[in-house]
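Descriptive analysis of the structure
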Amino acid sequence: MQIRLIMKTARSAGFALDDGGIYQTKMPYSVFLNGMLFQKTDTVVTNLFGLKPDTEYHMEIKNESGSVIGSADFYTEKEFVTLNVKDFGAVGDGVSDDTGFIQAAIMACPPKSRVLIPKGTYKITSIFLKSGLNLELAKGAELLAETDRNRFAKFPGMIESYDETDEYNLGTWEGNPLPMFAGIVTGIDVTDVTLYGEGMINGCATHDNWWYNEKIMVGAFRPRLLFLERCKRIKVQGLLFCNSPSWTIHPYFSEELLFCGQTIQNPQVSPNTDGLDPESCRDVEILGVHFSLGDDCIAVKSGKIYMGRKYKVASERIHICQCLMENGHGAVTVGSEIGAGVHDVLVEKCRFYDTDRGLRIKTRRGRGRDSVLDEIVFKDIEMDQVMTPFTANAFYFCDPDGRTEYVQSREWHEVDERTPAMKHFLFENINAVNCHVAAAYFAGLPESKIEKLEMKNCTMSFASEAKSDVPIMSNGVEACSKMGIYAENVKELILENIHMEGQCGEPFILHGVDRLIRD
């Protein structure tokens, strides 16, 4: 077993226990600290909570027979003081408004210290993070969000500078600078924050409040459960995020982010409840996160049109590893709001179960010449009951003009400032069982073809009673089942060691492929 320290605080640590398993270890293990049984685990990414500050630990991992199969030494960080929110007046009865008391503890917290939210249910609207904060939600602690939108602060979408030469963006909605309610937990321009623990952040959204008439802006657009804007060096460890009003965790123009061993859970029928959407973010690690929700599990974005063209901040250097994605529309999605492009995304050692699509790339004419998608790599992935494992769609029919002739035409159009680009995608060592609709569906633009698309060591097998559905959301694409690999407008298509079982009709349907390399 290979053991890697992911992160540590004064009170917690996170490790990757790599025994070759994907999300779950191949067998259950016992974790011993300084010779004493501390906990049992069956996940590769394992969090340890309840540690003592400034303490040296020797960790041993033992199998069911009691043999030591791996060990590591680590030293927890120092801690000055702990501020318990109940000492500041918080009640934790689920009825009283505890927002102000929790905020007071946060603002009063000195460096290298901890704000502790102990067991209890704390009714809040929005709480705001500050730089240098360590905020722990203990086991049994729940932040219970208010649902009366009249009690939430509003963030304007764009504020003009005094001299009218610049602007300040706060609110955002689906890639555009628009008014939004402050997040349940919000960080603006903060650095070096750790939000961690075994507690829960509950957005309390239902179809009777935030999800009612979800496409209509009432006062402002719906809040995120955790919203991070222009933040740096943020770590989120453990915690259950559930019932989000909209996107669950939304980092925005932020960098050096770590998400370690969370659970993100929303109902399967819930609108726009993406799990984790890094938008115009850099250097993001998403490790050991369990997603189960009603929209895309992870969606990488970089602004729709205005924000992408003006600020030109791509999302790049994003690593997704040892995650479990269930019940979403897409397991990992790129787009569709990608005006500034997405580069260098590595998704590895993950399991996708019962999602509509595995990889879901969504773009369209109008995203612009800065919207370049490049070096997107999937490897060592297991999929089960994924309707269509691989999709790349340059005709995604979003936005008011999404079904116009310009966006949807399969004819060649002049390349101009509105034309996006898809460059290099690699899918390697992937096993997808019980597929339904298609093994893969790739549709590039005739005037801006997918430059290089590689599939290596991939096996796709279809369910015996496959469901019928559309493989991509685009005009003219009809519902189907058990389709093979469809590729349209690709410059170079490389297929090595590809196996398909149970498909109907042609295993490969190719249109406008300039160069095909097959073993």
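Below, the structure is looked at part by part. The structure displayed is predicted, hence computed values, not measured ones.

A few words on the side chain of Ser371. Relative to the helices and strands, Ser371 is located in the loop between β33 (357–362) and β34 (372–384). Within polar-contact distance, the side chain of Ser371 engages the backbone oxygen of Ile338 at 2.6 Å. If we ignore the near neighbours within four places in the chain, the residues touching Ser371 are Ile338, Gly339, Ala340, Gly341, Thr363, Pro420 and Ala421.

It is worth spelling out the pattern of salt bridges at this point. Using the criterion set out here, one finds 27 salt bridges in the structure. Lys349 is paired through a salt bridge with Asp18; the nearest N and O atoms lie 3.3 Å apart. With Lys349 in strand β32 (residues 342–353) and Asp18 in strand β2 (residues 12–18), the pair connects residues that are 331 residues apart, well separated along the chain. Between Lys456 and Glu454 there is a salt bridge; the shortest N-O distance is 3.1 Å. Each of Lys304, Arg364, Arg367, Asp399 and Asp401 takes part in a single network of salt bridges with overlapping partners.

In this section: unusual backbone geometry. If a residue is not glycine, its phi is most likely negative; likewise, a peptide bond is most likely trans. Look at the link from Gly335 to Ser336: it is a cis peptide, with omega at 5°. Not every positive phi belongs to a glycine, and Asn243 is a case in point at roughly 55°. Counting through the fold element by element, Asn243 comes out in the loop between β22 (232–242) and β23 (249–252). Owing to a relative accessible area of 22%, Asn243 belongs among the partly exposed residues under this scheme.

So, on to the packing of aromatic side chains. Under the defined criterion, the tally for this structure stands at 16 aromatic pairs. Considering the side-chain rings of Tyr441 and Tyr486, the 4.2 Å spacing of their centres and the 10° angle between planes classify their relative orientation as stacked. With Tyr441 in strand β38 (residues 438–443) and Tyr486 in strand β40 (residues 483–501), this pair connects stretches of sequence that are 45 residues apart. Each member of the pair Tyr441 and Tyr486 is classed as buried. A connected cluster of aromatic rings, assembled from ring pairs, spans Phe352, Phe378, Phe390, Phe427 and Phe442. Seen from the ring of Phe32, Lys62 lies directly overhead, with NZ or CZ sitting 4.1 Å from the centre. Between Lys310 and the ring centre of Tyr311, over which it is positioned, the NZ or CZ distance is 5.8 Å.

Moving on, we come to the environment of Glu146. Position of Glu146 relative to the elements: it lies in the loop between β14 (141–145) and β15 (154–155). Residue class for Glu146 comes out buried when judged on its relative accessible area of 11%. Along the backbone, Glu146 and Ser409 are 263 residues apart, and their C-alpha atoms lie at a distance of 46 Å. Setting aside its immediate chain neighbours within four residues, Glu146 contacts Lys123, Ile124, Thr125, Arg151, Phe152 and Trp210. A polar contact is formed between the side chain of Glu146 and the side chain of Arg151, at a distance of 2.9 Å.

Attention now goes to the layout of surface pockets. Of the pockets and cavities examined, the largest pocket occupies roughly 690 Å³. What lines the largest pocket is a set of 27 residues, and nearest its centre among them are Glu174, Lys215, Asn272, Asp295 and Tyr396. Classifying every residue of the lining of the largest pocket by side-chain character gives eight nonpolar, three polar and 16 charged. By volume, the second largest pocket amounts to about 400 Å³. Of all the secondary structure elements, the ones that give two or more residues to the lining of the second largest pocket are β1 (2–8), β20 (191–202), β22, β24 (255–260) and β26 (282–287). In the lining of the second largest pocket, the residues fall into seven nonpolar, five polar and 13 charged.

So, on to the sheet that holds strand β4 (residues 36–43). Taken in spatial order, the four strands make up an open sheet running β4-β3-β6-β7, and their pairing is antiparallel. Strand pairing shows two members of the sheet lacking a second neighbour, β4 and β7 (68–75), which therefore form its edges. Adjacent strand axes in the sheet meet at a mean angle of 25°, parallel and antiparallel pairs treated alike. Alignment of strand β3 (residues 24–33) against β4, held across six bridges, turns out to be antiparallel. Bridge pairing links Gln24 to Thr43 in β4.

So, about the environment of Ala439. With respect to the helices and strands, Ala439 occurs in strand β38. For Ala439, a relative accessible area of 0% puts it in the buried group. Separated by 182 residues in the primary sequence, Ala439 and Leu257 have C-alpha atoms spaced 33 Å apart. Ala439 has contacts with Pro389, Phe390, Met460, Phe462, Met483, Gly484, Ile485 and Met500, leaving out every residue within four places of it along the chain.

Looking now at the sheet that holds β2. Taken in spatial order, the three strands make up an open sheet running β1-β2-β5, and their pairing is antiparallel. Here the strands that pair on one side only, and so sit at the sheet edges, are β1 and β5 (45–49). For this sheet the average axis-to-axis angle between neighbouring strands, irrespective of direction, equals 25°. One ladder, built from five bridges, connects β2 with β5; its direction is antiparallel.

Reading the values: rules and limits
- Residues numbered from 1 in each chain as written.
- Predicted model: local features only at pLDDT ≥ 70, side-chain atom pairs only at ≥ 80, totals over all residues.
- Heavy atoms only, no water.
- Helix = DSSP H or I, 4+ residues; strand = E, 2+ residues; numbered from the N terminus.
- Polar contact = N/O pair within 3.5 Å; in protein donor to acceptor, adjacent residues only side chain to side chain.
- Contact = heavy atoms within 4.5 Å.
- Salt bridge = Lys/Arg side-chain N within 4 Å of Asp/Glu carboxyl O.
- Buried < 20%, exposed > 50% of the residue type's maximum accessible area, 1.4 Å probe, protein only.
- Phe/Tyr/Trp six-rings, centres within 6.5 Å; stacked < 30°, edge-to-face > 60°.
- Lys NZ or Arg CZ within 6 Å of the ring centre and 35° of its normal.
- 1 Å grid on protein atoms, 1.4 Å probe; cavity = no way out; pocket = protein on both sides within 12 Å on 5 of 7 lines; lining within 4 Å.
- Points joined across faces, edges and corners; volume = space filled by probe spheres on them.
- Nonpolar A, V, L, I, M, F, W, Y, C, P; charged D, E, K, R; others polar.
- Pairing = 2+ DSSP bridges.
- Axes fitted to C-alpha atoms, helices over the stretch in contact; angles between N-to-C directions.

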